[in-house]
Amino acid sequence: MQGQKFLQTGGNKLLSISPSILHFHLGVKHILTFRIINKSGSVQRMDILPPTTPFFRMICHKTGGVAPGMHEEVRVEVMPDAWRYYYDEIRIHCPDVNLVVPLHAYPVMNALVFPRQVEFGKCPIGQRHTKNIPISSEVPVAFEFQLTPLDQPPEFTIGPLSGTIPPGGAQQIAITYEPMRFVTSTLRVRVDISQFGFEPLICTVTGSALPGKARETLLAQARFSASLERTAQERAIQADMLAAAVGGSTASSLPRSLAQSHALRSFHRAPLREQVGPGPTDDAPCRDRVSEAEALQRKLRGTQPL
């Protein structure tokens, strides 16, 4: 075969190759198949020369001549020893122009983890909102990436626009939305990866600014603050009532209705001895004060002692 040239891919006047080029994804596909189809009107014979490197192995069971309309099937297996790029070719010597089948093997990201849609929802005008979106890879090879904004709405900023995804790691992409108008804004971003044969991904980012959203946020914060203040006041009153009950007082310093209301809230939850806590068993004055407080508790409940 010395002196022969093998340059043409895809087929010639007599034969057709499908597919004409084999792409192996390391970690995903290791065995691929192509067919040499006889499209002429007579039997065709050919010589199939295997790859020359030890990283590809050809499997072919030749049956002699290929009848019209029939095909010869060839399987190719890749055997890599590292996460890198490999190239070889299978040469086909035939009566017409000689053919070649290029073999490419390279690492790829098993799955590009990046959303196609990012929603900010309804946001108050004039406030900044940021989402961190990771671009990650599961293979132990670094990949470069590039983000290209296809639109330029002033409400959105995104970055970094380029960088490197570490092996088996992730790179964070920050998308910031700051509405300044009462409109729905859309940003389209194209994501490219430095991977052979990669098809760019389009991510769409949307956000809306509606009237009254800032007012609703302020009202919700005010209601939350008021709730915290009421809770603190109730706990303080309960503590005063409990101290007054243990001290033998009838809480006359507080209005009667308010005192009874808060006493009922606190005393009806647990027995007074549990609220006061354990005390010395030989302290008679302490036991007397607890008994008086229990009597006040039963009185406020409107029950009679057993």
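Placed above this text is the structure.
Treat the numbers as computed from the prediction; the structure is a model and nothing was measured. (Residues numbered from 1 in each chain as written. Predicted model: local features only at pLDDT ≥ 70, side-chain atom pairs only at ≥ 80, totals over all residues. Heavy atoms only, no water.)

Student: Explain the sheet that holds strand β13 (residues 162–165) here, please?
Tutor: Reading across the sheet, the five strands line up as β9-β16-β15-β11-β13 and stay open at both edges, with mixed pairing between neighbours. Strands at the two margins of the open sheet, each flanked by one partner only, are β9 (117–123) and β13. On average, each strand axis in the sheet is inclined to that of its neighbour by 20 degrees, with strand direction left out of account. As judged from the eight bridges shared by strand β15 (residues 184–193) and strand β16 (residues 201–209), these two strands associate in the antiparallel manner. In the sheet register, V191 faces β16, and the bridge partner there is L201. (Pairing = 2+ DSSP bridges. Helix = DSSP H or I, 4+ residues; strand = E, 2+ residues; numbered from the N terminus. Axes fitted to C-alpha atoms, helices over the stretch in contact; angles between N-to-C directions.)

Student: Explain the sheet that holds strand β14 (residues 170–177) here, please?
Tutor: The pairing of strands in a sheet happens through backbone hydrogen bonds and is either parallel or antiparallel. Pairing is antiparallel across the open sheet formed by three strands, whose spatial order is β10-β14-β12. Strands with a single pairing partner mark the edges of an open sheet, and in this sheet they are β10 (129–136) and β12 (156–159). Recorded for the sheet is a direction-independent mean angle of 20 degrees between the axes of neighbouring strands.

Student: Sorry if this is basic, but what is going on with the pairing of β14 here?
Tutor: Each regular strand displays side chains that alternate between the two surfaces of the sheet. With eight bridges connecting them, β10 and β14 associate as antiparallel partners. Along β14, the bridge assignment pairs S136 with A170. Bridge count between β12 and β14: four bridges; the pairing is antiparallel. What sits directly across from F156, in β14, is Y177.

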